[in-house]
Amino acid sequence: MASRRGALVVLEGVDRAGKTTQCRRLVEVLNRNGQRAEMMRFPDRATEIGKLISSYLEKSSNLEDHTVHLLFSANRWEQVSLIREKLKEGITLVVDRYAFSGVAFTSAKPNFCLEWCKQPDVGLPKPDLILFLQLNPLDAAKRGEFGNERYENSSFQEAVLQRFGQLMKDKSLNWKVYFCLGQMYCSSK
């Protein structure tokens, strides 16, 4: 008997919205309820490309903006075989950031448009569900370690939030928005 395909669930949001914490919790709940689940995270800082990205995000190195965008995409592409294999095995993957973050962050920079930013990720496995954790960038700035990495400033995060809003208009994707209420998230619907 063939195993059921696992689901590809992506969590997105501005920096410090709680994506990593919620991913871990979701994986725990799914596994506890008998659904095999694993967490993935992008950028995957363990790969060679991920190490370059990490150095850039930590402000240890500088890279041209187009190059950085393409490196983020390449970091996702280097995991495509693993993603497909796990899904085929019936494992649900809960992903902390995916292509939508790459598009939102790069297109928030001057002289970039959403369409150009989407192109390098065309063909990546399509998520079954995208959970967007809505958090006001000013509230995010109050959370621990905000500002340690590149892009962690409220005005840039506000621009990123606007780009996510544009991405959520794509009705071919299954977006669900959850609003932060203190330490909890509540569905928009």
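Residues numbered from 1 in each chain as written. Predicted model: local features only at pLDDT ≥ 70, side-chain atom pairs only at ≥ 80, totals over all residues. Heavy atoms only, no water.

1. Focus on the packing of helix α2 (residues 48-57) against helix α3 (residues 65-77)
Then step 1. Their axes nearest at 9 Å, the elements α2 and α3 cross at an angle of 135 degrees. By the angle between their directions, the pair α2 and α3 is classed as oblique. For the pair α2 and α3, the crossing hand works out as left-handed. On α3, the residues touching Ile49, Gly50, Leu52, Ile53, Tyr56 and Leu57 of α2 are Asp65, Val68, Leu71, Phe72, Ala74 and Asn75. (Axes fitted to C-alpha atoms, helices over the stretch in contact; angles between N-to-C directions. Helix = DSSP H or I, 4+ residues; strand = E, 2+ residues; numbered from the N terminus. Parallel < 35°, antiparallel > 145°, perpendicular 65-115°, else oblique. Left-handed = near helix turned anticlockwise from the far one by under 90°. Contact = heavy atoms within 4.5 Å.)

2. Focus: the pairing of strand β1 (residues 8-13)
Then step 1. In terms of burial, β1 is a largely internal element, 6 of the 6 residues being buried.
Then step 2. Of the two faces of β1, the one carrying Leu8, Val10 and Glu12 and the one carrying Val9, Leu11 and Gly13 are both buried.
Then step 3. Pairing geometry for β1 and strand β3 (residues 92-96), over 4 bridges, is parallel. Following the sheet pairing, Val9 is matched in β3 by Val94.
Then step 4. In this structure, β1 lies alongside strand β4 (residues 129-134), joined through 5 bridges in parallel fashion. Following the sheet pairing, Val10 is matched in β4 by Ile130. (Buried < 20%, exposed > 50% of the residue type's maximum accessible area, 1.4 Å probe, protein only. Pairing = 2+ DSSP bridges.)

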